[in-house]
Amino acid sequence: MKQRFPRISAFGLAIAAGLVGILGFAALMALSLQQERDKHIEHARIETANIALVLEGHALATIQKIDLILKDLQGHIRPDDMRSSQFDNAVENHAMQALLKEKANDIQQAAVIEIGGIQIFNANGDCIYSSIDAQPAINVADKESFQIHRNHRQLGLHISPPEISRTLGIWHISLTRRIDFPDGGFAGYINVIVQLSSFESFYATLNLGEHGAVLLRDEQMRLWARHPHLEANLGKTMPNHPLHQYIAQGMTHGSYLQPGPADGVKRLYSFRRVGDYPLYVLAAIAEQDYLAEWRKHLVWYGTAGLVILIASLVLALVARHSRLKWQNDERNYRYIIENAPVGIFQRNFAGQFSFLNLTLARQLDCDSVDTFLQRYVPADKLWADLNQLKLFYQLLQTNKEVRDFEAQAVLVTGQTKWFSMSAYLDEESGQINGFTLDITERKQVEEQLKTSEERLRLTMDVAQIGVFDWDVKKDSFEMSPIYFTMLGYQAKPGPGDRNEWLERLHPDDRAGIAEKIAAVLSKQANAYSYEARMRHANGSYRWISVKAFCVQRGEDDMVTRILGIRMDITDRKRYEVELEHYKSHLEHLVNERTTELLDARKQADNANLAKSDFLANMSHEIRTPMNAIIGLTQLALDTELNRKQHDYLSKVLNSSRALLGILNDILDYSKIEAGRIDIEAIEFSLEEILRATADLFSIRADEKGLELFIDMALDVPNQLQGDPLRLSQVINNLVGNAIKFTQQGEVHLRVETLERTDDAIRLRFAVRDTGIGITAEQAGQLFQPFAQADASITRKFGGTGLGLTISKRLVELMEGEITLESEPGSGSTFTFTVRLGLPAGVSSSEQTQGRRLQGLHPMRTLVVDDQETSLTILRSILESWQFEVVTAGSGETGLRLFAEAARCGKPFELLLLDWKMPGMNGLELAEAIAHSS
């Protein structure tokens, strides 16, 4: 019979046992590998956490040391130092530079860090002092640090984002503190340039493996420093950095595993916040470094399943290698700890130290750790106040962490020092881990500031200036004793009473003061001041002057604090009243004298008016005998006379005419002064007036060798309404003066339209000459009665000096104005405008038709004249008739142009030639053209 169940063979049992053994071995290996992996991770976490603590201490010590130097420099800077420029005072500038160099050296020695220099900027952003030799002129008014300090007085220390230095060309950060004038105004700030490369130099001393990294970032995750160096990411923000989520949870230190944002390498990061500053230090070991050994083990265990001995040997070698590496890391770690710029310790509540570094021993004037342990164990011996020690323990047990706890230590020599301690409690071991910073110098500076404040308070008391500090949010007041005693009241401790202040204020002054204070509280102003009456303790009212400023605002920009002063100005007010009474008395005397002078002036004006009326009425009586003399003299000249008699009578005639002209000017001026001249409004021809002017002065101009041009624009109408006699008088006066004062060149009269309506037109008359010209000072006197440019003109050219005055008054009567442009030696241009009427029923085309082309077809024309003005006028007229015009400035040029036109088959049809030209004149040119034809 066959067996129902097969018998298990010994080989199968062996196989099963082997499989069980292999599985058991694999399970044991897996458990061992997992435990080893966890061990490597924990070791890496502890290592990075310790290094992060050291990095925090290094960064915090650096910042606080620099801040201490900044506060010390604030105490050395005087207000006058901030009002000077970089080169105002070489001696003071040299002294300040020496001080800055000294402080820069102190920072580098104490903080073990490289700085780019210390600079002081004034309120305009200009660098006025620097520790940098040959500091170029720079202005930082556009920088964030400058604007923040200028707008926020209470900011304190400010750390800038990383940037490239304008002067050094390297990545740096700036640690700055504001400088104020005594009145609280912004005077500038002090700037310490910290080279970020010095942080990286320190980080390079740390051994975090081949792919490890040490970083310094701010709250926006801007990269400040990194080892290994990563230039591309310096100064850039990382809004998605994983550290943001831990910051949002309120964590100041911790660890996390994350691929690196910059290179993607997965690392174990430990981070710590640097004190209360918005900075974070990160120490990271790459997973591929701290698990490298474990991964090797994983491979080795897989291949060592058959060869346990070899695997054991390999494990032994690996263990030995790991121990050597750990020992090497321990040496590096101890070197960093021992030489850190802060004291580092680990102790229990009994005061027994488990660890302390050499820096802590040196802070307490010990040359070694052993000396420290001999002198200061237990640690309670160090504390100057044991109550402070109890408080420190209470805070540590309650909060598990204490930061910036300040206390005094007593050395064995009896000397005291101030220290700032930060520590955290490891609840598992009961150990206190922390670091210390020597702040003795900072405390000394604070004590000096306190002494300075006491001196200021004493000065305010001597000057009888009361000070008040108003906490707007709490609506409470703190006042100095002088605030009360200046009004005879006893000083009160504690906050002031608003109702008491209002009750003492004069009722008539309350509304105005409330309005000014409301303007500051509503952010319409930053300060208020007022003068008001307040009741003295004796019942009288005294005048008080108050000035107050907003010195603090909340997060919503609302006013939270107002600081002000008040002074007794009763005596000043009394003097002002007395001065006002004296002023009123003087004004009364002045008014009486003014009334007397006005009466005298009125009498003088009446006398001048009577004189002008007399001269105006005598116009006919004076002119009649003069006309008789001129007429009879002219008749006598027409009779037979010998040569001598003819000469005498000619001189009598010329003198009579000159005298008549003078009389006419004086009588016209008298009429104008007396208001006896009326402007007519009759129809007249403008061309006839201009033609008469040309006839009157053409001979005089020709006798002096001058060119007289009269030019009327085509859009100027001929028929106008106005006073032709007075218009002609003004034109003739200006043209006559131009010819009188021009020895060579030309006189040009130009008439143009300025504006036009249906029934009126405003014309512009310009008389330009190439005469002697006058200065601007002389021109200012020309339109005054009986005035000329200077006395020599009267002697040389004659005249009464009334012509331009009369012309000015006549132009004003015709609703215009007259002006002058002149330069000595370059001639003058008199310009005047008048408003004239237009005859009804006459169109613009009809007005100008008489001056347009009639009966002639357009022709190709050559105009030859040596005067540029003449060429311009003739070209304008001919081109308005659609003529093709070519101009030449000399006879030779005209002859050449005529010949060229003939050769090209485009001969000229019309020639206009000036007969009198230098070189080839017009007659010679005409003969040459006729001969060539």
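Owing to the predicted nature of the structure, the values given are computational and were not obtained by experimental measurement.

Chemist: For this particular structure, what's the right way to read the overall build of the protein?
Modeler: Of the regular secondary structure elements, the protein holds 28 helices and 31 strands. For the protein, with 933 residues in total, the buried portion stands at 41%. Considering only contacts in the protein between residues 6 or more positions apart, those separated by 24 or more positions represent 58%. Carbon and sulfur atoms form 54% of the exposed surface of the protein, whose accessible area is close to 51200 Å².

Chemist: Can you help me understand the confidence of the model for the protein in this one?
Modeler: Interpretation of the predicted coordinates at a detailed level should be avoided for regions scoring low in pLDDT. Summarising the model, the protein shows a mean pLDDT of 81, and 86% of its residues fall at 70 or more. Mean pLDDT values over the elements of the protein span from 48, in helix H23 (residues 791-797), up to 94, in strand E26 (residues 760-769). The model gives residues 1-8 a pLDDT under 50, and that stretch makes 1 contact with residues more than four places away or in other chains.

Chemist: Please explain the nonpolar core as it appears in this structure.
Modeler: Side chains of a nonpolar character, in soluble globular proteins, are inclined to be buried together. Ranked by internal contacts, the top residues of the largest apolar core, which has 67 residues, are Leu55, Ile118, Ile120, Leu175, Val194 and Tyr203. Of the residues forming this core, the biggest block, 15 residues, is contributed by helix H1 (residues 10-76). Setting aside residues up to four positions removed in sequence, Tyr203 forms contacts with Leu55, Val214, Leu216, Ala225, His227 and Val281. In terms of nonpolar packing, the next biggest core, distinct from the first, is built from 42 residues, Ile739, Leu749, Met814 and Ile818 among them.

Chemist: Help me understand the packing of helix H21 (residues 724-740) against helix H24 (residues 803-813) in this model?
Modeler: Between two packed helices, what matters for the description is the angle formed by their axes and the separation of those axes. At a minimum axis separation of 10 Å, H21 and H24 run at an interaxial angle of 145°. Read as a crossing pair, H21 and H24 show a hand that is left-handed. On the side of H21, the interface is formed by Arg726, Gln729, Val730, Asn733, Leu734 and Asn737, while H24 contributes Gly803, Leu804, Ile806, Ser807, Leu810 and Val811. The residue makeup of the contact of H21 with H24, split by class, is 6 nonpolar, 5 polar and 1 charged.

Chemist: Is there a simple way to think about a nonpolar patch on the surface in this case?
Modeler: On the surface, a nonpolar cluster with roughly 410 Å² of combined accessible area is contributed by Leu579, Tyr582, Leu586 and Leu589. By the element assignment, Leu586 lies in helix H17 (residues 570-617).

Chemist: Teacher, can you tell me more about helix H26 (residues 868-880) here?
Modeler: Structural remark: α-helix, 3.6 residues per turn; residues separated by three or four positions point the same way. The end-to-end C-alpha distance of H26, which contains 13 residues, comes to 18 Å, matching closely the 18 Å that a straight helix rising 1.5 Å per residue would cover. Tucked inside the fold, the buried residues of H26 contact strand E23 (707-712), strand E25 (746-756), E26, strand E29 (860-864), strand E30 (884-888) and strand E31 (910-913). Following H26 by one or two positions, Gln882 has its phi on the positive side, about 70°.

Chemist: I tried to follow the pairing of E25 on my own but got confused; where do I start?
Modeler: Within a regular strand, the side chains alternate between the two sheet faces. Two elements, E23 and E25, share 6 bridges in a ladder whose sense is parallel. Note on E25: the bridge partner recorded for Glu707 is Glu746. Two elements, E25 and E26, share 9 bridges in a ladder whose sense is antiparallel. Counted as the bridge partner of Arg756 is Ile761 from E26. A loop of 3 residues connects E25 with E26, the two strands running antiparallel in sequence.

Chemist: Which parts of the structure should I look at to understand the environment of Ala776?
Modeler: With respect to the secondary-structure elements, Ala776 resides in helix H22 (residues 776-779). We classify Ala776 as exposed; its relative accessible area is 69%. With 44 residues separating them in the primary sequence, Ala776 and Leu820 have C-alpha atoms 9.4 Å apart.

Chemist: Can you walk me through the packing of helix H27 (residues 891-903) against helix H28 (residues 922-932) in this structure?
Modeler: Where H27 contacts H28, the axes come no closer than 10 Å and their chain directions differ by 25°. On the basis of their axis angle, the class for H27 and H28 is roughly parallel. Our pair here, H27 against H28, has a crossing hand that is right-handed. Facing Gly891, Gly894, Leu895 and Phe898 of H27, the residues of H28 in contact are Leu925, Ala928, Ile929 and Ser932.

Chemist: So what exactly am I meant to see when it comes to H21 here?
Modeler: End to end, H21 covers 23 Å across 17 residues, agreeing with the expected 24 Å (1.5 Å per residue, within 8%). Taken across its 17 residues, H21 has 14 buried, putting it largely inside the fold. The N-capping residue of H21, defined by a side-chain oxygen 3.2 Å from the backbone nitrogen of Leu725, is Asp723.

Chemist: How do you make sense of the packing of aromatic side chains when you look at a structure like this?
Modeler: Two aromatic rings, taken as a pair, are described by how far apart their centres are and by the angle between their planes. One pass over the full model with this rule turns up 18 aromatic pairs. Joined through ring pairs, the aromatic side chains of Phe121, Phe146, Phe186 and Tyr189 make up one cluster. Note that Lys443 overlies the ring of Trp418, its terminal NZ or CZ placed 4.6 Å from the centroid. Cation over ring: Arg504 sits above Tyr489, and NZ or CZ is 3.5 Å from the ring centre.

Chemist: Sorry if this is basic, but what is going on with the side chain of Ser130 here?
Modeler: Note that Ser130 resides in strand E2 (residues 127-130). Judged by relative accessible area, which is 6%, Ser130 ranks as buried. A polar contact of 3.0 Å, which involves the side chain of Ser130, links it to the backbone nitrogen of Ile132. Once you skip the residues sitting within four places of it in the chain, Ser130 turns out to touch Gln97, Leu100, Ile118, Gln119 and Gln135.

Chemist: Just to check I follow, could you spell out the sheet that holds strand E8 (residues 223-227) for this structure?
Modeler: Pairing is antiparallel across the open sheet formed by 5 strands, whose spatial order is E8-E7-E11-E10-E9. With one partner strand each, in any of the chains shown, E8 and strand E9 (253-259) form the two edges of the open sheet. Sheet twist, expressed as the average angle between the axes of neighbouring strands with direction ignored, equals 20°. Relative to strand E10 (residues 266-273), E9 is paired through 7 bridges, and the arrangement is antiparallel. Note on E10: the bridge partner recorded for Tyr256 is Tyr269. Here helix H5 (residues 196-203) sits on the sheet in contact with strand E7 (213-218), E8 and strand E11 (279-286), set at roughly 30° to E8.

Chemist: Teacher, can you tell me more about the pairing of strand E27 (residues 818-823) here?
Modeler: Pairing of E27 with strand E28 (residues 827-837) involves 6 bridges; the strand directions are antiparallel. Its bridge partner lying in E28, Thr819 is registered against Thr831. Linkage of E27 to E28, two consecutive antiparallel strands, is achieved through a turn of 3 residues, within which Gly825 is found at a positive phi near 85°.

Chemist: Honestly, the pattern of salt bridges in this entry has me stumped. Any pointers?
Modeler: A pair can form between side chains of opposite charge whenever their charged atoms are brought close. The full count for this structure, using the stated rule, is 43 salt bridges. Asp469 serves as the salt-bridge partner of Arg561, at 2.8 Å between the closest nitrogen and oxygen. Placement of Arg561 in strand E21 (residues 559-568) and of Asp469 in strand E17 (residues 466-471) is noted, with a sequence separation of 92 residues between them. Notably, a salt bridge pairs Arg572 with Glu531, separated by 2.4 Å at the nearest N-O pair. Note that Arg572 is positioned in helix H17 and Glu531 in strand E19 (residues 527-535), a separation of 41 residues in sequence. Its relative accessible area of 36% is what places Arg572 among the partly exposed residues. According to the relative accessible area criterion, Glu531 is partly exposed, its value standing at 34%. Overlapping salt bridges bring together Glu56, Arg272, Glu401 and Arg403 as one network.

What counts as what
- Residues numbered from 1 in each chain as written.
- Predicted model: local features only at pLDDT ≥ 70, side-chain atom pairs only at ≥ 80, totals over all residues.
- Heavy atoms only, no water.
- Helix = DSSP H or I, 4+ residues; strand = E, 2+ residues; numbered from the N terminus.
- Buried < 20%, exposed > 50% of the residue type's maximum accessible area, 1.4 Å probe, protein only.
- Contact = heavy atoms within 4.5 Å.
- Areas by Shrake-Rupley, 256 points an atom, 1.4 Å probe, with all protein chains shown as cover.
- pLDDT = per-residue confidence, 0-100.
- Core = buried A, V, L, I, M, F, W, Y, C linked by side-chain atoms within 4.5 Å.
- Axes fitted to C-alpha atoms, helices over the stretch in contact; angles between N-to-C directions.
- Left-handed = near helix turned anticlockwise from the far one by under 90°.
- Nonpolar A, V, L, I, M, F, W, Y, C, P; charged D, E, K, R; others polar.
- Patch = residues over 30% accessible without salt bridge, like charges linked within 9 Å, V, L, I, M, F, W, Y side chains within 5 Å.
- Salt bridge = Lys/Arg side-chain N within 4 Å of Asp/Glu carboxyl O.
- Expected span 1.5 Å × (residues − 1).
- Pairing = 2+ DSSP bridges.
- Parallel < 35°, antiparallel > 145°, perpendicular 65-115°, else oblique.
- Polar contact = N/O pair within 3.5 Å; in protein donor to acceptor, adjacent residues only side chain to side chain.
- Phe/Tyr/Trp six-rings, centres within 6.5 Å; stacked < 30°, edge-to-face > 60°.
- Lys NZ or Arg CZ within 6 Å of the ring centre and 35° of its normal.

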